[in-house]
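Structure assessment
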Amino acid sequence: MPRRRIGFWYRFAAVICKPPLVVLIKRDWRGMENIPADGGFITAVNHNSHVDPFAYAHYQYNTGRVPRFLAKSGLFKKGFVGAAMRGTGQIPVYRESTDALSAFRAAIDAVERGECVAFYPEGTLTRDPDGWPMTAKTGAARVALQTKCPVIPVAQWGCNELLPPYTKKPHLLPRKTHRVLAGPPVDLSRFYDKEMTAEVLKEATEVIMAAVTRQLEEIRGEKAPETPYDPRRERIEQRRRTQAQNRRGEQAPGERNQNEQPQQAEGQST
């Protein structure tokens, strides 16, 4: 299948977004040869800055295979933003759907049409203290196993130095470098003949995220933690710590009473 025509809206967005990106960040982009020249595929990308969707889209745009991002369906409904989202072929996600696979029906359709669908599998900015990918949601794995399309692991680093996660103040100087490395397709063939259970989706997702993390290790020249940061586990642990502190706070008055009893007995004996 030939590469899809980029179209007016994507070119218009590029005219607006590319100049500030070129001014603000330098580029160290590798692995473009791993982006399929034709046919539908998925890219699985780590997420560590509010700026990196624009910088990554720039990278992908330069390959000739523009990404179609998943976004909340409400953004498509009205106004200029909605027109731009529709015009650039972004993909609405209907989160109110009770059927997890139906929520990604539009992404499946896009892959089957020969599009590139870009997933941020973590679902949000990483909360790992050192910026490594954390545990991911299963959406990318669902679409990959349903369509059996190539999954390209993509790691990026540098936009988080320009605008760190969960902050609003950019660090413009010195000029930062956006590093991107796309790897070869992830081999998910061992999952194709299995029923798409929660366990299979979890395992396939872990394989995808391990590939993304390996790309990031190469970019950073560091070793990632053996166990990815899990925000759900961290919330549970935080809840346990809070409950333990509350229990200690409740026990404190009783402990004080116990300490006071010997003093009262001594006073009575005198």
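Residues numbered from 1 in each chain as written. Predicted model: local features only at pLDDT ≥ 70, side-chain atom pairs only at ≥ 80, totals over all residues. Heavy atoms only, no water.

1. Considering the sheet that holds strand β4 (residues 91-93)
Across the sheet, which stays open at both edges, the seven strands sit in the order β1-β7-β6-β2-β5-β3-β4 with mixed pairing between neighbours. Edge positions in the sheet fall to β1 (25-30) and β4, since each has one partner strand and no second. For this sheet, the mean angle separating the axes of adjacent strands, direction not counted, is 25°. Bridge analysis of strand β3 (residues 67-72) against strand β5 (residues 116-119) gives three bridges, and the strand direction is parallel. Among the inter-strand pairings, Pro 67 is bridged to a residue of β5, identified as Cys 116. (Pairing = 2+ DSSP bridges. Helix = DSSP H or I, 4+ residues; strand = E, 2+ residues; numbered from the N terminus. Axes fitted to C-alpha atoms, helices over the stretch in contact; angles between N-to-C directions.)

2. Here's the deal with a positive patch on the surface
Together, Arg 127, Lys 137, Arg 232, Arg 235 and Arg 239 give the surface a local cluster of positive charge. Relative to the elements of secondary structure, Arg 232 occurs in helix α9 (residues 231-269). (Patch = residues over 30% accessible without salt bridge, like charges linked within 9 Å, V, L, I, M, F, W, Y side chains within 5 Å. Areas by Shrake-Rupley, 256 points an atom, 1.4 Å probe, with all protein chains shown as cover. Salt bridge = Lys/Arg side-chain N within 4 Å of Asp/Glu carboxyl O. Lys, Arg positive; Asp, Glu negative; His and termini not counted. Charge placed at Lys NZ, Arg CZ, Asp CG, Glu CD.)

3. Topic: a nonpolar patch on the surface
Residues Phe 8, Phe 12, Ile 16, Leu 75, Phe 80 and Val 81 make up a contiguous nonpolar surface patch of roughly 600 Å² in combined accessible area. Of all elements in the fold, only α1 (8-24) and α3 (79-87) reach the threshold of two or more residues within the nonpolar patch. Ranked by the residues each element gives to the nonpolar patch, the list is headed by α1, at three residues. With respect to the secondary-structure elements, Phe 8 resides in helix α1.

4. Let's talk about the packing of aromatic side chains
Following the criterion strictly, the structure yields 10 aromatic pairs and no others. Measuring from centroid to centroid gives 6.1 Å for Tyr 56 and Phe 69, while their planes differ by 85°, and the two rings are edge-to-face. Taken together, the positions of Tyr 56 in helix α2 (residues 52-61) and Phe 69 in strand β3 put the pair 13 residues apart, joining distant regions of the chain. As far as the burial class goes, Tyr 56 and Phe 69 line up, both buried. Members of the aromatic cluster, joined through ring pairs, are Trp 29, Tyr 56, Tyr 59, Phe 69 and Tyr 120. A cation sits over an aromatic face here: Arg 27 above Trp 29, 5.2 Å from the ring centre. Note that Lys 148 overlies the ring of Tyr 192, its terminal NZ or CZ placed 5.3 Å from the centroid. (Phe/Tyr/Trp six-rings, centres within 6.5 Å; stacked < 30°, edge-to-face > 60°. Buried < 20%, exposed > 50% of the residue type's maximum accessible area, 1.4 Å probe, protein only. Lys NZ or Arg CZ within 6 Å of the ring centre and 35° of its normal.)

5. Some thoughts on the state of the cysteines
In a disulfide, the sulfur atoms of two cysteines are held together by a covalent bond. Per the stated rule, a full pass over the model turns up zero disulfides. Summary of cysteine pairing: Cys 149 is not part of a disulfide, and the nearest cysteine sulfur, belonging to Cys 116, is at 9.4 Å. (Disulfide = S-S within 2.5 Å.)

6. Quick look at the pattern of salt bridges
Tallied over the full model, the rule gives 12 salt bridges. The salt bridge involving Glu 234 is made with Arg 241; its shortest N-O contact spans 2.9 Å.

7. Concerning the nonpolar core
Of all hydrophobic cores here, the largest spans 27 residues; its most connected members are Ile 42, Phe 119, Val 143, Val 151 and Leu 188. By residue number, the principal contributor to this core is helix α8 (residues 198-220), which donates seven residues. Beyond its immediate stretch of four places on either side in the chain, Leu 188 contacts Ala 144, Leu 145, Val 151, Ala 204, Val 207 and Ile 208. In this structure, Tyr 10, Trp 29, Cys 116 and Ala 118 belong to the second largest nonpolar core, which totals 20 residues. (Core = buried A, V, L, I, M, F, W, Y, C linked by side-chain atoms within 4.5 Å. Contact = heavy atoms within 4.5 Å.)

8. Remarks on the pairing of strand β2 (residues 41-45)
Burial within β2 is extensive, with five of its five residues counted as buried. With burial as the criterion, each face of β2 is covered, one bearing Phe 41, Thr 43 and Val 45 and the other bearing Ile 42 and Ala 44. Sheet topology places β2 next to β5; four bridges connect them, and they run parallel. Within β5, the position partnered with Phe 41 by the bridge is Cys 116. Pairing geometry for β2 and strand β6 (residues 151-157), over four bridges, is parallel. Bridge assignment links Ile 42 to a residue of β6, and that residue is Val 151.

All we've got here are geometric facts, nothing functional implied.
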